[in-house]
Number of protein chains: 2
Amino acid sequence: MAPLPEKRFCVPDLQKERANCNFDQEEITNLIDGGADQTALRRKIEHFFFSDKEFLDPVRPEYMSHEDRYANELRKACHMMRKINEDDEIQQFAGNMEGMRMLVGAGVGAALCKDGNPLSVHFVMFLPCLVGQGTIDQQAEWLGRAWAGEIIGTYAQTEIGHGTFLRGLQTTATYDPDTQEFILNSPSITASKWWPGGLAKTANYAVVMAQLYTKGVCHGVHGFIVQLRDEETHKSMPGVMVGEIGPRLGLNTNDNGFLMFKNYRIPRKNMLMKFSQVLEDGTYIRPKNDKLTYGTMVFVRVAICHDSCRQLQRAVTIATRYSAVRHQSELIPGEPEPQILDYQTQQYKLLPLIASVFGIQFAAMHVWKTYQQLTEDIEAGSTALLPEVHILSCGLKALSSSDTSSGVEICRLACGGHGYLASSNLPRIYTNTTAAITYEGENTVMWLQVARYLIKSCREASQGQPLTKSVSYLTANPVSAHENKDLSNAGLVEVFKSAVSSMVSENYKRLQQCCDEGEQYELAWNRCSVLLAQCAEAHTRYFVCEQYVQNVENLEFSDGVRSILRQLCRLYLIHQITLNQGLFLRTGTLSSAHISTLEGELCELLALLRPNAVNIVDSFDLHDRVLDSTLGCWDGDVYQRMFEEALKSPLNQTDVPEAYHKYLRPLMKSNL
Amino acid sequence: MAPLPEKRFCVPDLQKERANCNFDQEEITNLIDGGADQTALRRKIEHFFFSDKEFLDPVRPEYMSHEDRYANELRKACHMMRKINEDDEIQQFAGNMEGMRMLVGAGVGAALCKDGNPLSVHFVMFLPCLVGQGTIDQQAEWLGRAWAGEIIGTYAQTEIGHGTFLRGLQTTATYDPDTQEFILNSPSITASKWWPGGLAKTANYAVVMAQLYTKGVCHGVHGFIVQLRDEETHKSMPGVMVGEIGPRLGLNTNDNGFLMFKNYRIPRKNMLMKFSQVLEDGTYIRPKNDKLTYGTMVFVRVAICHDSCRQLQRAVTIATRYSAVRHQSELIPGEPEPQILDYQTQQYKLLPLIASVFGIQFAAMHVWKTYQQLTEDIEAGSTALLPEVHILSCGLKALSSSDTSSGVEICRLACGGHGYLASSNLPRIYTNTTAAITYEGENTVMWLQVARYLIKSCREASQGQPLTKSVSYLTANPVSAHENKDLSNAGLVEVFKSAVSSMVSENYKRLQQCCDEGEQYELAWNRCSVLLAQCAEAHTRYFVCEQYVQNVENLEFSDGVRSILRQLCRLYLIHQITLNQGLFLRTGTLSSAHISTLEGELCELLALLRPNAVNIVDSFDLHDRVLDSTLGCWDGDVYQRMFEEALKSPLNQTDVPEAYHKYLRPLMKSNL
């Protein structure tokens, strides 16, 4: 736990849970933070911001009007930017992409600007774009001003009629060599930029992605630095129509906007020219390697895995603590109502999610390491790892965002009616987490990209070509169910490998057969795509299981921690296998008897892990401000906190509301 | 379709979809409404209310503060109550429980009071309680005043520390024979009533469920009519502490409240005394049959199935129409971007949900008929059907609320980023639908009740006792996979029956074995409860499949409609079987080859149903006001509507927001 006063109060139910922790919680905290130094830094950052009362909301944002919510979050976002400069270490930390992402992301960031930070796209997209795609000259011109907050930018790619399919974008940037300017236009309503965070009212600049035309030829989508608002008056520029897209399921203060251009001119030097250029006369110079921009996508997707995982930690911490405090019904007639965490059905909801946290974490760590290797390789001139990293990050982005979203929702529902209350914070955690299923590559699109890679690899394998590491198992021989099976963790990973390999192979043949019957490849692909997407998910699931077992066995842990992690890993494996039992039975990799045995063991694991449930979530070390939950607070004083929160409702400031006099009384006295 | 001008405008993509409908849409509309007369009445009601501008919101509720939202919904709720009396037929319709439920429920009700009607509990709980549990004298005293709106009531059962477990309620009502009054008390914070809709600021009366004490003995939970607020001033009564519980994931204008008592006295005659009584001297008369109140629970649960199903219809109509209008990416290189409904992965998301609508509808129709039979039987003195109806309604409530919630979310995600926009209405449909998983019997609790009935039935069967209809199949002999299998719809229902029967039997044995090993029954039950809950779900799924096939084959339909319903029914069956393939493979009721064959057929069914997708959702006949969606409107003019909605945002009424001057400008000019 965080440095705490020795005898911090908590309710007796939680005292009991915490009395007998038999593993080193700090070791798990460090694992999740990425090292003891990172834990210390995070705690310092939390203390730095949370001790500043400026970040408190006057009332819960849910009580405010849409305009007031935006103003309130903008106030805190601006204060945060100033405050960063008050501390050298924190300023330095914020000075790189990873650090800044944390400050505006799912951890401390989400605790400060709960419903979305209108400045976050400036830091996590606009600045990285300048760094990654701007020339030295462009960086000199823009970067300093952007860091200083003199200009605030956003990143405008998605259009109202065009999402994932980059080539479909309609916004045009046509070069006019006479004035050496690009003319920006939105040729139709579907070309309107739609969704960029910070675009509506906050940003005065944007990187705009548009179809580049020069000398009458379209050269595809390129990025341009575009001024949207006057730097003095903040009024939108003539030729620029910009505004807000309206309320959303969540993240209502991200200030998502729309943007249209009408013959809006920007100087030639505003095209991001690190990779391709337009010369003064309009000559287009194409990039040497058009895959280099994939790097940023990989970074963003791994960051999404980490953010999603943080959200799941929040939800499962809240639900687990609440389940230890909540008493309900009876297990044994006549005895007092038990903690609901004693019900197996409740354990089954929460413990596999606790196990998931580590699975996603280990898999993301692996992708991150491979990405760093790739970055080094690229500087040495090799992009060989790129497809592998790209596909791993696509798959893991989809798996982690969908697993954590459904996991958060399971946690919310596991808290019964109270999970529906805003003060539990589970509604907001859900609405924020589920957004990741869609943004930065919609999950179905991600699965189909992974599937393409799997099918391509099958084809290459059948032609005797070597496969990259993550898919090399596709050539494995299936394991029969009827031999004397090794059901150890390592054995189950082998089982997973064989089963997925068979599944991919069956669907590769199915696709092949469609083509053999004369169907055009693309149509055959579409006809098989549901099953192919399922293959991609199974492949990624296998990857997570493999990483889980490897990390639990190979990293350095004390005995107590390794024992807990082994139990969690086993729970994860068995839970996934029983959930997808059809896959294993169909491929003959497990028999019905095996599944029954594993089901029995699953039930035992739930009972085994139950006593440590609270201690494990405690070791996620989530500050009460990060949890922001009446149900999940460290002290477990749930009902008192719910009441205190309720009493803050503006409707509770008077006994009889105005609306009674205005609407209800006339009805009640009207003698209908 | 509803009575429309002949050539109503719609976008070309939808014109194309609608050009070749080959079945009678009105027939499906009538099926869903419950008859042509019901369709006519519903359309009349919609026209009656929707043509009244008083029901329009000045701005979207999401833009308003919490207080303004409540006032706005209360305004409309009151207007609705008045307006009902303007039309004789509608007044008559509203005069019974079913009719009133529709007026405040998921159809027209949800379109009028979008975020929850603060008067709804008055009509769907308070009034039925008076009717069902009040004596003739009590009805004479209260019912007329309640119908006239002179008093507004709610139903206060759930406490902050006590949910489903009725016996755990802590509120006490202690009889004082000296004054012939009950003294109400909330002995601790966990005894506070928490959640009742309309309780916070709207209701001045409530039916309060409390532990009845008389002559020093506790007689369990009973209902009492309690005045909460003064009828003249609306101020809360001395001894009554009442207020609002704070914002929620959705339904923010339901006016959910808390309620505590401190020595609050009510007259003896305020106890609901139809079934049990307290005499003047304090003598307690127990009820003759304590199961009679189950009837109301069955009614409410079937109503939830219908409401949930209506919500799924809304979501899938929106997502299907949008998928016909939205173009994205490419199927065949070089060709224009196709409608996303042409992607198999999109069809796989939506078409099984369209199929679900009918499955849930048919199953709910059956439970409703059995319930009506029960009501007749009870008047004739027999309660034999009660356990059967009770269990069917528990299972179907859980299945329909969880299927429709996840289904609505699939629809939302199938609309990509735009599904996250409030103006799509999918966020609200989800937040409202998911509440049904928890209220009126939390789903896990429901599944375990069904499981208890299954295990009890297994035990009775093993003792040679006869089983009730819905579980009689538990004695069926398993069907082997290897015979020449009948994979027709009827054949698949048989397969389902055998598989579930085997599954229940295996887990009955598992439970038995735990007991044989010496474990106490209740603990053994808990140890097996995850798997037992899965049995309950499989059992209920089988019931839905059976009802689906029976109704499609046995009801009267034209050829075109029956053909469509058969395809949908088959899609539902195959989808459910492939989703749960482990069950069939484990029990040997289907082989791997069967599953592969069915997967192939599933893909063909998607292609077969694709051309009618829009026509089928059109036949749900949901008024644009009921859909309330920029993405789902009948004309498909999606992008134009999204823009128009966005422009209404209060933030878009000025170019530069006040918050810029207050917070952003100082930051940008500060030279950080």
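As the structure is a computational prediction, the values presented were derived from the model and not from experiment.

### Here we look at the overall build of chain A
When its secondary structure is counted, chain A shows 23 helices and 11 strands. Here chain A has a C-alpha radius of gyration of 27 Å; the compact-globule value for 672 residues is 26 Å, and the two agree. Projecting the C-alpha coordinates of chain A onto the three principal axes gives extents of approximately 90 × 80 × 65 Å. For chain A, contacts bridging at least 24 residues in sequence account for 73% of all contacts bridging at least 6.

### Some words on the pairing of strand 8 (residues 257-261) of chain A
Residues and elements named next belong to chain A. Burial within strand 8 is extensive, with five of its five residues counted as buried. Both faces of strand 8 are covered, namely the face carrying Gly257, Leu259 and Phe261 and the face carrying Phe258 and Met260. Looking at chain direction, strand 4 (residues 193-194) and strand 8 are connected through two bridges and run antiparallel. Pairing of Trp194 across the sheet is with Phe258, part of strand 8. Sheet topology places strand 7 (residues 240-244) next to strand 8; five bridges connect them, and they run antiparallel. Among the inter-strand pairings, Val240 is bridged to a residue of strand 8, identified as Phe261.

### As for the environment of Val325 of chain B
All names here are of chain B. Looking at the secondary structure, you find Val325 in helix 10 (residues 294-325). Remark: the alpha-carbon pair of Val325 and Ala94, spanning 231 residues in sequence, is separated by 38 Å. In this structure Val325 touches Val11, Asp13, Leu14, Gly636 and Val638, once residues within four positions along its chain are discounted.

### Here we look at the relation of the copies chain A and chain B
Placing chain A over chain B gives an RMSD of 0.0 Å and needs a rotation angle of 180 degrees, together with 0.0 Å of translation along the axis. These values place the two chain copies in the arrangement generated by a two-fold rotation axis. A high fraction, 99%, of the interface residues of chain A reappear at the interface in chain B, so the copies pair face to face through one surface.

### Side note on the sheet that holds strand 7 of chain A
Strand order in the open sheet formed by three strands is 4-8-7 (chain A), and the pairing between neighbours is antiparallel. Every other strand in the sheet has two partners, leaving strand 4 and strand 7 of chain A as the edge strands with one partner each.

### Examining the nonpolar core
In this structure, Phe224 and Ile354 of chain A together with Ile354 of chain B are the most contacted members of the largest nonpolar core, which totals 425 residues. If near-sequence neighbours (up to four positions away) are discounted, Phe224 of chain A is found in contact with Ala173, Phe182, Val207, Val208, Ala210, Ile266, Asn270, Met271 and Leu272 of chain A.

### A look at helix 19 (residues 592-609) of chain A
Taking 1.5 Å per residue, 18 residues should reach 26 Å; helix 19 of chain A reaches 26 Å between its end C-alpha atoms and fits that length. For helix 19 of chain A, every residue scored as buried is listed here: Ile595, Leu598, Glu599, Leu602, Cys603, Leu605, Leu606 and Leu609 of chain A. Down the axis, helix 19 of chain A shows its buried residues gathered within 160 degrees of arc, on one side only. Residues of helix 19 of chain A that are exposed and point more than 90 degrees away from the buried face comprise Ala593 and Glu604 of chain A. On its buried face, helix 19 of chain A sits against helix 11 (344-379), helix 17 (559-579), helix 18 (581-586) and helix 20 (613-618) of chain A together with helix 16 (521-554) and helix 18 (581-586) of chain B.

### Brief notes about the confidence of the model for chain A
Parts of the prediction with low pLDDT should not have their coordinates interpreted in detail. Residue and element names in this part refer to chain A. Here chain A averages 94 in pLDDT, while 97% of its residues score no lower than 70. Scored below 50 in pLDDT, residues 1-6 shows six contacts in the model against residues more than four places distant or in partner chains. Reported confidence for the predicted complex is 0.97 by ipTM and 0.97 by pTM.

### Structural notes on the sheet that holds strand 4 (residues 193-194) of chain B
The strands making up a sheet associate through hydrogen bonds between their backbones, and the pairing can be parallel or antiparallel. Across the sheet, three strands lie side by side as 4-8-7 (chain B); this open sheet has antiparallel pairing. Of all the strands in the sheet, the pair left with one neighbour each is strand 4 and strand 7 (240-244) of chain B.

### Focus on the interface of chain A and chain B
Taken together, the contact between chain A and chain B spans 104 residues of the former and 104 residues of the latter. The leading source of residues in the side of chain A that touches chain B is helix 4 (residues 66-84) of chain A, at nine residues. Looking at the side of chain A that touches chain B residue by residue, the classes come out as 51 nonpolar, 33 polar and 20 charged.

### Topic: unusual backbone geometry
Even without being glycine, Glu440 of chain A reaches a positive phi, approximately 55 degrees. Residue placement: Glu440 of chain A occurs in the loop between helix 13 (426-438) and helix 14 (443-462). According to the C-beta neighbour criterion, Glu440 of chain A is partly exposed, with 15 such atoms within 10 Å. The phi dihedral of Lys215 of chain B falls on the positive side, at around 50 degrees, and the residue is not glycine.

### Let's talk about the domain arrangement of chain A
Segmentation of chain A into domains returns domain 1 (28-117), domain 2 (153-285) and domain 3 (294-471 + 483-618). Across the contact, eight residues belong to domain 1 of chain A and seven residues belong to domain 2 of chain A.

### Some thoughts on helix 13 of chain A
The element helix 13 of chain A is largely enclosed, with a buried count of 13 among its 13 residues. Phi turns positive one or two residues past the end of helix 13 of chain A, at Glu440 of chain A, with a value near 55 degrees.

### Here we look at the environment of Tyr453 of chain B
Within the secondary structure layout, Tyr453 of chain B lies in helix 14 (residues 443-462). Not counting residues up to four positions away in its chain, the partners in contact with Tyr453 of chain B are Pro387, Ile391 and Val471 of chain B.

### Considerations on the packing of helix 4 of chain A against helix 23 (residues 658-668) of chain B
Angle between the axes and distance between the axes: these two values describe a pair of packed helices. Taken N-terminus to C-terminus, the directions of helix 4 of chain A and helix 23 of chain B make an angle of 5 degrees; their axes are 9 Å apart at the nearest point. The angle between helix 4 of chain A and helix 23 of chain B falls in the class roughly parallel. When helix 4 of chain A is examined against helix 23 of chain B, the residues Tyr70, Ala71, Leu74, Arg75, Cys78, Met81 and Arg82 of chain A are found in contact with a partner set consisting of Glu658, Ala659, Tyr663, Leu664 and Leu667 of chain B.

Parameters and conventions
Residues numbered from 1 in each chain as written. Chains lettered and ligands numbered in written order. Predicted model: local features only at pLDDT ≥ 70, side-chain atom pairs only at ≥ 80, totals over all residues. Helix = DSSP H or I, 4+ residues; strand = E, 2+ residues; numbered from the N terminus. Rg over C-alpha atoms; globule rule 2.2 N^0.38 Å. Contact = placed C-beta atoms within 7 Å. Buried ≥ 20, exposed ≤ 12 C-beta atoms within 10 Å, placed from the backbone. Pairing = 2+ DSSP bridges. Least-squares fit on C-alpha atoms with pLDDT ≥ 70 in both. Core = buried A, V, L, I, M, F, W, Y, C linked by C-beta atoms within 7 Å. Expected span 1.5 Å × (residues − 1). Arc of directions from axis to C-beta. pLDDT = per-residue confidence, 0-100. Nonpolar A, V, L, I, M, F, W, Y, C, P; charged D, E, K, R; others polar. Domains from an automatic or database assignment. Axes fitted to C-alpha atoms, helices over the stretch in contact; angles between N-to-C directions. Parallel < 35°, antiparallel > 145°, perpendicular 65-115°, else oblique.

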